[in-house]
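Structural overview
Residues per chain are reported as follows:
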Amino acid sequence: MAHQAVRAIIIKDNQLLVMERNKFGHRYFTLIGGGINIGEDAETALRRELHEESGLSVGQIRHIFTEDAGDPFGRQYIFLCEYQGGEPVMRPDSDEAKINELGQNMYLPRWLPLADLKRVEFLSESLRQALLNGISHGWPNSPVVLDWKEAVPIEPATTES
């Protein structure tokens, strides 16, 4: 069976909850989430991943996107979540916190201003476009299948000397 994962869309005060990654010098952003364990349903997995990776609590959740991201990411079930409380802090016993201790593949949960979403490298590009569309025009009433597109590298701004 192909790998299955969940991702959370949480918006608070015109900010999107993201996981900032610095993977061996490659910096990008993604939604918080992770794999669905054997015997676990998507909602349980989503709430567990949010607890481990951010400490945030959510109320109602609604499946709005599915993205088949291929190996190694698999099928991603993306949920719009009602923010209830908390500030993004990773649990010290999470897998991501243990990886951070090694110092080269870093995870940082944080709020990203919605206005910055179009200016950062986001994994995946199709999800970034779906997020921008949802934020501007409203979210779909039933799940939409996204056509996976690799992230588009964003060149850092340079100044002429």
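Now for a quick tour of the structure.

Moving on, we get to the overall build of the protein chain. On a plain count of helices and strands, the protein chain comes out with three helices and eight strands. Scaling as 2.2 N^0.38, a compact globule of 161 residues should have a C-alpha radius of gyration of about 15 Å, and the protein chain matches this with 15 Å. Referenced to the eigenvectors of the C-alpha coordinate spread, the extents of the protein chain come out at roughly 55 × 40 × 35 Å. When burial is assessed residue by residue, the protein chain has 45% of its 161 residues classed as buried. Restricting to contacts in the protein chain with at least 6 residues of sequence separation, those with at least 24 account for 65%.

In a structure, side chains of opposite charge can pair up when their charged atoms sit close to one another. Applying the stated criterion across every chain yields a total of 11 salt bridges. Taking the shortest distance from any N to any O, the salt bridge between Arg27 and Glu20 comes out at 2.6 Å. Owing to a relative accessible area of 47%, Arg27 belongs among the partly exposed residues under this scheme. The shortest N-O distance in the salt bridge between Asp68 and Arg75 comes to 3.5 Å. Overall, Asp68 belongs to the partly exposed group, its relative accessible area being 45%.

Counting 19 residues, the largest nonpolar core has Ile10, Leu17, Leu46, Leu50, Phe79 and Cys81 as its most contacted members. Broken down by secondary-structure element, the contributors of at least two residues to this core are strand 1 (4-12), strand 2 (15-23), helix 1 (42-53), strand 5 (57-68), strand 6 (75-85) and strand 7 (105-113). Phe29, Val120, Ala130 and Leu146 belong to the second largest nonpolar core, which has 18 residues in total.

So, how was this worked out
- Residues numbered from 1 in each chain as written.
- Predicted model: local features only at pLDDT ≥ 70, side-chain atom pairs only at ≥ 80, totals over all residues.
- Heavy atoms only, no water.
- Helix = DSSP H or I, 4+ residues; strand = E, 2+ residues; numbered from the N terminus.
- Rg over C-alpha atoms; globule rule 2.2 N^0.38 Å.
- Buried < 20%, exposed > 50% of the residue type's maximum accessible area, 1.4 Å probe, protein only.
- Contact = heavy atoms within 4.5 Å.
- Salt bridge = Lys/Arg side-chain N within 4 Å of Asp/Glu carboxyl O.
- Core = buried A, V, L, I, M, F, W, Y, C linked by side-chain atoms within 4.5 Å.

Any functional reading would require information beyond the geometric quantities listed.
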